[in-house]
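Report on the structure
So you can see what is in the structure, the chains are spelled out below.
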Amino acid sequence: MKPFLRQQLERFVERLAELEFLLTRPDIMADMAQFLSLSREHARVSSLVARYRKWQAADADLSAALEMKADAANDDDMLAMAEAEITSNTATCAQLEDQLQRALLPPDPDDERNAFIEVRAGTGGDESALFAGELLRAYTRWCERQGWQINVVSESASDLGGIKEAVLRIDGGGRVNEDGVGVYGLLRFESGGHRVQRVPVTESQGRIHTSACTVAVLPEPDEAAAVQINPAELRIDTYRASGAGGQHVNKTDSAVRVTHLPTGIVAECQDDRSQHRNKARALQVLLARLQERERSERAAKEAATRRGLVGSGDRSDRIRTYNFPQGRLTDHRINLTLYKLQMVMEGDLGDVVTALRHAHEAELVAALEAAST
C-alpha cells in the first residue's frame, strides 16, 4: 500500500475514536442536527476503518505466507500451501486496497442525485435522428435493468421513426451502489458528442456514412440550493400536446414551454395531462440546465490551470464512436474499445459505465496523492 494512502487511513482510525467519544457527550446528543450529522459521518468512517482492518489482516497473512515459503524450501506440501496462501492474500489485498482508495475520495453530492438525460440529433439528417432514437432506447433499457423509474419529459419525433430530441427524467428511488453512487454519478460521463459510422437505411449504394448526436446528463437540482430564478425573467407558453394520448391530445393546452429570457434557455414538458404538473417539470429541467451552464462556465475558467477529469463533458466533444460495420465501440477519452456494439445498443452499458467511473476515480486518487506530497 502506498504510504500516502496508509497515512490517510490512519487519520480515519483517529477520527473514528473522536467520533465515538463525541457521540457519547450529552450536549451533542441534545443537539439533534449535530448528532445526526456526526452519526452519518460515524457510519461512513467506521465502514472505511473496518475495511482497512480487513486489509491489515490480509497483509499480515500475506507476510506470514511469504515467511512460510522461505522456510519450506525442502517441503513440497508446505511450499504448495504457502503459494496458495500468497496467491489468495495478494488478491484480497489488491481488492481491498482498490476499495479503500475509492472510499477515501471526497463524495460529490451530485452523484447521489436523480438525473435528466437529453439526447439530440446532430449532423447527419435522418440518419442522425434514427441513431439518436436507438441511443435513447439503449439508455432506457440500461436504466430499466437498474430498477430505475423513467419518465419522458419531452420528445420530438423525426419522420422516419427516430427522434430530433428527447429529455428523460431518471429516478433511482434514492438507491445508490456500495460506493454511494446513484443515477447521475453513473451516467454523468455520457455527456458529449456520440458519432456513428454505418450504412444508413436511406443509402441505396451501400456506402458508410458518419453522423452524430449529442447527449447531456444533468443532475436534478436540489431545490434548496438551486439557482434562483426571477419570475419576471420567465416567459411561459402553453400549447397542445402532440403524439400518443388518446382523446386528450390536441383538445387542451396542457403542454408547457418555459423560456429563461436572459439566457434564452428553453425547457418544455408535455408528458402529463396536467398543465400544472407539466409546468413544474419544465421548471425543474430549466433549473438543471441553468445549473449546468454555471458549472460549465466554472469549468471553462478552471481549464486554464488544469484539465477536467475524464473529459470536460462538453456537448461539442466527440467522446465516443459507434462503428457498426466492425461491431466496435470506442470511447476516446479513456482509449476503451469494445467489440460488443450490438449488445451495447440493446442496453448492455455496464462495461462502459464502469470503465469511465473507474478512470474518473483513478484521476481523483492521483490528485489526492499529489495534494498530499
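As the structure is a prediction and not an experimental result, all values here were calculated from the model.

1. Details of the overall build of the protein
A count of helices and strands for the protein gives nine helices and eleven strands. Per-residue burial over the protein gives 40% buried out of 373 residues. For the protein, restricting intrachain contacts to residue pairs at least 6 apart in sequence, the fraction spanning at least 24 positions comes to 63%.

2. A short note on the sheet that holds strand 6 (residues 234–239)
Within a sheet, adjacent strands bond to each other through the backbone by hydrogen bonds, running parallel or antiparallel. Taken in spatial order, the three strands make up an open sheet running 6-7-8, and their pairing is antiparallel. Both edges of this open sheet fall to strand 6 and strand 8 (265–269), since each of them pairs with a single strand only. In this sheet, adjacent strand axes meet at a mean angle of 15° when their direction is disregarded. Alignment of strand 6 against strand 7 (residues 255–260), held across six bridges, turns out to be antiparallel.

3. Side note on the sheet that holds strand 1 (residues 115–121)
With mixed pairing, the eight strands of this open sheet are ordered in space as 2-3-1-5-4-9-10-11. Whereas interior strands pair on both sides, the edge strands pair on one side only; in this sheet they are strand 2 (149–157) and strand 11 (336–338). Recorded for the sheet is a direction-independent mean angle of 15° between the axes of neighbouring strands. Here strand 10 (residues 328–331) runs beside strand 11; their pairing, made up of three bridges, is antiparallel. Residue pairing for strand 11: L329 is matched across the bridge by L338.

4. Describing helix 3 (residues 32–71)
Helix length check: helix 3 (40 residues) gives 58 Å between terminal C-alpha atoms against 58 Å at 1.5 Å per residue, within 8%. Every buried residue belonging to helix 3 is among L38, V45, L48, V49, Y52, W55, A58, L62 and A65, and all of these are buried. Taken together, the buried residues of helix 3 touch helix 1 (3–22), helix 2 (26–30) and helix 4 (76–104).

5. Remarks on the pattern of salt bridges
What the rule picks out here adds up to 24 salt bridges. As a salt-bridge pair, R120 and E118 come within 2.8 Å of each other at their nearest N and O atoms. We classify E118 as buried; its relative accessible area is 0%. Between D171 and R169 there is a salt bridge, and its shortest N-O distance comes to 3.6 Å.

6. A few points about the environment of L66
Among the structural elements, L66 can be located in helix 3. According to the relative accessible area criterion, L66 is partly exposed, its value standing at 45%. A C-alpha to C-alpha distance of 8.7 Å links L66 and E85, two positions 19 residues apart in sequence.

7. A word on the nonpolar core
Formed by 36 residues in total, the largest nonpolar core has its most connected members in I117, V119, W142, W148, L187 and Y322. With seven residues, helix 5 (residues 125–145) is the largest single contributor of residues to this core. Setting aside residues no more than four positions away along its own chain, Y322 makes contact with F131, L135, H194, R195, V196, Q197, R328, L329, L341 and M345. Grouped together as the second largest cluster of nonpolar side chains are 23 residues, L16, L19, Y52 and C93 included.

8. Remarks on the confidence of the model for the protein
Atom-level detail of predicted coordinates should not be read off regions where pLDDT is low. Predicted confidence across the protein gives a mean pLDDT of 84, with 89% of residues reaching 70 or more. Low confidence marks residues 244–250, where pLDDT is under 50. Its contacts with residues over four positions away, or in another chain, come to nine contacts. Confidence over residues 304–316 falls short of pLDDT 50; this stretch has 23 contacts with residues more than four positions distant or in other chains.

9. Quick look at the side chain of Q284
Inspection of the secondary structure assignment puts Q284 in helix 7 (residues 275–302). A distance of 3.2 Å separates a polar atom in the side chain of Q284 from a polar atom in the side chain of E220.

10. Thoughts on the pairing of strand 9 (residues 318–323)
Burial within strand 9 is extensive, with five of its six residues counted as buried. Sheet topology places strand 9 next to strand 10; four bridges connect them, and they run antiparallel. Bridge pairing in strand 10 links T321 to T330. Where strand 9 folds back on strand 10, the antiparallel hairpin that results is connected by four residues, among which G327 adopts a positive phi of roughly 60°.

Calculation rules
- Residues numbered from 1 in each chain as written.
- Predicted model: local features only at pLDDT ≥ 70, side-chain atom pairs only at ≥ 80, totals over all residues.
- Heavy atoms only, no water.
- Helix = DSSP H or I, 4+ residues; strand = E, 2+ residues; numbered from the N terminus.
- Buried < 20%, exposed > 50% of the residue type's maximum accessible area, 1.4 Å probe, protein only.
- Contact = heavy atoms within 4.5 Å.
- Pairing = 2+ DSSP bridges.
- Axes fitted to C-alpha atoms, helices over the stretch in contact; angles between N-to-C directions.
- Expected span 1.5 Å × (residues − 1).
- Salt bridge = Lys/Arg side-chain N within 4 Å of Asp/Glu carboxyl O.
- Core = buried A, V, L, I, M, F, W, Y, C linked by side-chain atoms within 4.5 Å.
- pLDDT = per-residue confidence, 0-100.
- Polar contact = N/O pair within 3.5 Å; in protein donor to acceptor, adjacent residues only side chain to side chain.

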